[in-house]
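Reading the structure
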Amino acid sequence: MGLEEKLPSGVLLTSVEKLAGYARKSSMWPATFGLACCAIEMMASGAGRYDLARFGMEVFRASPRQADLMIVAGRVSQKMAPVLRQIYDQMAEPKWVLAMGVCASSGGMFNNYAIVQGVDHVVPVDMYLPGCPPRPEMLIDAILKIHDQAMNKKLGAHAKKEIIQKEEVALKTLPLIESTGLLR
Amino acid sequence: MSTDMFSQSFDTTEGKVYNVSGGDWETVQGGTPGETSRMVINMGPQHPSTHGVLRLILEVEGETIIQARCGIGYLHTGIEKNMEYRNWVQGTTYVTRMDYLTPIFNETAYCLAVEKLLGITDQIPERATTIRVMMMELNRVSSHLVALATGGMELGALTAMTNGFRDRELILDIFEMVSGLRMNMAYVRPGGVAQDLPPGAEQKIRDTVQLLRKRLKDNKSILVDNPIWLLRTKGIGELDLTGCMALGITGPVLRSTGLPWDLRKTQPYCGYENYEFDVVTENTADTYGRFLIRVEEMNQSLNIVEQALDRLKPGPVMVEDKKIAWPSQLALGGDGLGNSLEHIRNIMGTSMEALIHHFKLVTEGFQVPAGQAYAAVESPRGELGAFVISDGGTKPYRVHFRDPSFNNLQAVSAMGEGGQVADLVAAVASLDPVMGGVDR
Amino acid sequence: MSDEKDLVAQEADLTIKSVRTGAFGPSDGADTSGFGGLVNVVTSRPAAVRPFGGWFDQVADALAKALEAKGKSFEQVVSKVVIAQNEITFMVKREHLLSFAQALRDDAALRFEMCLGVMGAHWPNEKDQELHAIYPFLSVTHNRRVFAEVTAPDSDPHIPSLTGIYPANNWHEREVYDFFGIIFDNHPALTRIEMPDDWAGHPQRKDYPLGGIPVEYKGVTIAPPDERRSYHG
């Protein structure tokens, strides 16, 4: 569209952000990227008992061009990683990635030659969901948190400011191995 | 010709080959009219209808498949090598994730092989064996439900999908009650099962079985004589007995040719010789026959579950030998599921041996005498065999699973070639491969 | 060390498969636990002597007859018969594997219609027999199972392919090639099946590392499973 890129920051841009965010989160279509056991739990969340249709997400779009949310459900092997990247590249902006399960988040129990240790080596991830496999309720919780992110996503001039702020914070944080003594 | 470096054309012994990447159809059509165009199409690893991360490389002429090949390995996890660095009981948690729709079968095959090497096959308590049988048959029902649900979804029958998953939730509730998890339970351990059935489980299972019988009848009536379903599955994906024998196919695909080969009857394990059930066969050797077999097998499994419930007698669920038996007696406490207070009182206050056993078993694990063993179970997809090699230590030397889906997928070429692309989808759905088991 | 020599002297036909010293796996050199002196020697399984018991004798006799019809003697083809855990394993010499398999499938008394695949194993300490391939056979007619085990040295990892007799072995042999580097001669399309096509190395061999990475936590790094200090019994 580009309209939101041109608006100056202020109340008008905020209203446009809210409207766009509401529209985006209400019918975020997931792309089918079910790989292993987590895929079955993802299908179970789309089924009758843990209904994803109440969030507008029951249409799992096979074509990545029509999808908004890629739920990487399952272990990503070295052979599958280029395919994952290609599907991610084929999705149109705005897109979100949910790493479902420990195998997608960090390699899980498979710390070996065959599994990519976390899909964030391949695609940028917005939400990590641990579990082996995570229960459908946990998946819905993660999806709702992504909906929050989508709802509050900043556009245009606000987005640029936010990026600068995030970068300043990131430059100051200690790497994980050095953040000793902190429980949170 | 196109100057795009991604879509070139080059000459081969078979004629000119064009690499098409979109938007350049005109250059391809420049060929002689009337010449049939052969295309190599990738039904890639990410596809809604290929039952998981299966890559089908199809050479098609129009809509007819000339050659079909499978590309697998997109889910290869290195489970077998990873198990060589974990002890024998931890192997259960790895093995359970191979064929993720039938975790109990994977665990049972592995534990039967390990128990063979330990030499304690006769000392497994009867209650443990009965619980294993019950959980296996419930797993068979839930696996067939997913097979029918995803098969239906791939062919467009979406109600089959929602119904199948709805009924599967009932079984997952039982799994959760008994083992704590819905999937990938790591419940069957070498020597028995991890913990006993909680109070109230037997009644719940009986009620669920009754409810399932009714639901299965309803689900069946959606598809069984449905004209569209018949058109899509009758005569599709045929593989006769010779083909099955040559390709080493077992399971519902073999039984659809008329041969009643079921390991539970022919080479019984876990006491299956004492249960009354029929081996379901059809003689049409096509997708519809396999669908009917799966539907009826679910009913037979529910019969076995009821017989197992009747057979349950109070007793231990772990082998007596304290040097092998998994020490935990779990109970639900204030902070979740953990070692029961009685067990802690026992090991900390009363018995030094119990403390030593608990410590050694959890940190080091038991040692399995050196040797090689193979144990096969009849999983919903065919013969699931666990090969285990031990070098006398606390970690497996080599574990290999002869997974039925890996073997059965070789039949895709035989089933698909000469047919149409849509029929290939039905044929693959009738083979019911689970890519976790194929790639391990 | 003297134990090893004694063991070899006692039973001349047993080979040493592996020797494990100490009780713990990788360490950074200094093992003060006192368990460092433990030596565990694993030898190959002893040969079974006739009569084998049960239907094993029938199968062995039928096999001997079928092989003789092909002009080979039983001892020529099968170097050892091992019976353990109620399973019979024929250690077949790789040159004669095809005649063995043909006899198993075609002979009326044997009729092992199905070969359920191949399993590979790598014993790096077993000189000249490092690579093992184990085949399970199933007879639907007679409801029996037998196993065949073939060895090949690392320097010449060739085993004849059974795809001509049992087409089911196609993918299984590709998998064993992929993971162990055993080259199955006359296989129609011996390529990698599980690993990407351009992968280097054969992952399930014992000289291939597990390939894990150390995991960082707050202030601590945990080594991958193959580099951690842990019991190996």
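Preceding block: the structure.
This write-up is about the structure you can find in this document. Being a predicted model, the structure only gives us computed values, none of them experimental.

Let's shift gears to the overall build of chain B. For chain B, the helix and strand inventory stands at 18 helices and 12 strands. Relative to the compact-globule value of 22 Å for 440 residues, chain B shows a C-alpha radius of gyration of 25 Å, a close match. Its C-alpha atoms give chain B principal-axis dimensions of roughly 90 × 45 × 45 Å. When burial is assessed residue by residue, chain B has 60% of its 440 residues classed as buried. The contacts of chain B with a sequence gap of at least 6 include a subset with a gap of at least 24, amounting to 68%. Just so you have it, chain B exposes about 16,500 Å², and 53% of that area is on carbon and sulfur atoms. Chain B carries 40 positive and 53 negative side-chain charges, and their two centres are separated by 5 Å.

So, on to the sheet that holds strand 4 (residues 55–61) of chain B. Backbone-to-backbone hydrogen bonds join strands into a sheet, with any given pair of strands oriented parallel or antiparallel. Residue and element names in this part refer to chain B. Strand order across the open sheet formed by 3 strands is 3-4-5, with antiparallel pairing between neighbours. With partners counted over all chains shown, the strands left at the sheet margins are strand 3 (38–43) and strand 5 (64–71), one partner each. The average undirected angle you get between the axes of adjacent strands in this sheet is 20°. For strand 4 and strand 5, the ladder comprises 7 bridges, and the chain directions are antiparallel. Note on strand 5: the bridge partner recorded for Val 60 is Ile 65.

Taken together, the contact pairs 32 residues of chain B with 31 residues of chain A. Contact with chain A buries surface across chain B, with B:Gln46, B:Arg97 and B:Arg182 losing the most and accounting together for 22% of the total. Linking chain B to chain A there are 4 salt bridges. The shortest N-O distance in the salt bridge between A:Glu41 and B:Arg182 comes to 3.0 Å. Listed by contribution, the elements that provide at least two residues to the side of chain B that touches chain A are helix 2 (79–83), helix 3 (90–95) and helix 6 (158–179) of chain B. The element contributing the most residues to the side of chain B that touches chain A is helix 6 of chain B, with 7 residues. When its residues are assigned to classes, the side of chain B that touches chain A shows 15 nonpolar, 10 polar and 7 charged.

Turning our attention to the interface of chain B and chain C. At the interface, 51 residues of chain B touch 52 residues of chain C. Around 4,500 Å² of area is buried between chain B and chain C when both sides are counted, 57% of it from carbon and sulfur atoms. When the buried area of chain B at its contact with chain C is split by residue, B:Lys81, B:Gln372 and B:Tyr397 rank highest and sum to 16% of it. The interface formed by chain B and chain C contains 4 salt bridges. Of the charged contacts in the structure, one is a salt bridge between B:Glu383 and C:Arg145, with a shortest N-O distance of 2.7 Å. Applying the counting criterion to the chain B and chain C interface returns 21 residue pairs in polar contact (both at pLDDT 80 or more).

The next point concerns the pattern of salt bridges. Applying the stated criterion across every chain yields a total of 37 salt bridges over all chains. Notably, a salt bridge pairs A:Arg85 with A:Asp89, separated by 3.2 Å at the nearest N-O pair. Placement of both A:Arg85 and A:Asp89 in helix 4 (residues 81–90) is noted, with a separation of 4 residues, approximately one turn of the helix. Take A:Arg85: its relative accessible area is 33%, and that puts it in the partly exposed class. One salt-bridge network, in which partners are shared between bridges, spans A:Glu41, A:Arg49, B:Glu169, B:Asp173 and B:Arg182.

Counting 170 residues, the largest nonpolar core has A:Met70, A:Val72, B:Ile72, B:Tyr110, B:Tyr187 and B:Leu409 as the members making the most contacts within it. Counting residues per element, this core draws most heavily on helix 5 (residues 126–155) of chain B, which supplies 13 residues. Those residues within four positions of A:Val72 in sequence are excluded, and the remaining contacts are A:Phe33, A:Leu35, A:Leu84, A:Val97, A:Leu98, A:Ala99, A:Met100, A:Ala104 and A:Val119. Core analysis: the second largest hydrophobic core is formed by 46 residues, C:Ala62, C:Val81, C:Leu97 and C:Ile165 among them.

Next up on the list: the pairing of strand 3 (residues 78–84) of chain C. By the criterion of burial, strand 3 of chain C is predominantly enclosed, with 5 of the 7 residues buried. Hairpin connection between strand 3 of chain C and strand 4 (residues 87–92) of chain C: a loop of 2 residues separates the two successive antiparallel strands, and C:Gln85 in this loop has a positive phi of roughly 50°.

Residue and element names in this part refer to chain B. Spatially, the 3 strands line up as an open sheet ordered 10-11-12, and their pairing is antiparallel. The sheet terminates laterally at strand 10 (371–379) and strand 12 (398–402), the two strands that pair on one side only. Across this sheet, the average inter-strand angle for adjacent strands is 15°, counted without regard to direction. Sheet topology places strand 10 next to strand 11 (residues 382–390); 9 bridges connect them, and they run antiparallel. For Ala 375, the partnering residue across the bridge sits in strand 11 and is Ala 386.

Quick notes on the rules
Residues numbered from 1 in each chain as written. Chains lettered and ligands numbered in written order. Predicted model: local features only at pLDDT ≥ 70, side-chain atom pairs only at ≥ 80, totals over all residues. Heavy atoms only, no water. Helix = DSSP H or I, 4+ residues; strand = E, 2+ residues; numbered from the N terminus. Rg over C-alpha atoms; globule rule 2.2 N^0.38 Å. Buried < 20%, exposed > 50% of the residue type's maximum accessible area, 1.4 Å probe, protein only. Contact = heavy atoms within 4.5 Å. Areas by Shrake-Rupley, 256 points an atom, 1.4 Å probe, with all protein chains shown as cover. Lys, Arg positive; Asp, Glu negative; His and termini not counted. Charge placed at Lys NZ, Arg CZ, Asp CG, Glu CD. Pairing = 2+ DSSP bridges. Axes fitted to C-alpha atoms, helices over the stretch in contact; angles between N-to-C directions. Buried area = accessible area lost by both parts, 1.4 Å probe. Salt bridge = Lys/Arg side-chain N within 4 Å of Asp/Glu carboxyl O. Nonpolar A, V, L, I, M, F, W, Y, C, P; charged D, E, K, R; others polar. Polar contact = N/O pair within 3.5 Å; in protein donor to acceptor, adjacent residues only side chain to side chain. Core = buried A, V, L, I, M, F, W, Y, C linked by side-chain atoms within 4.5 Å.

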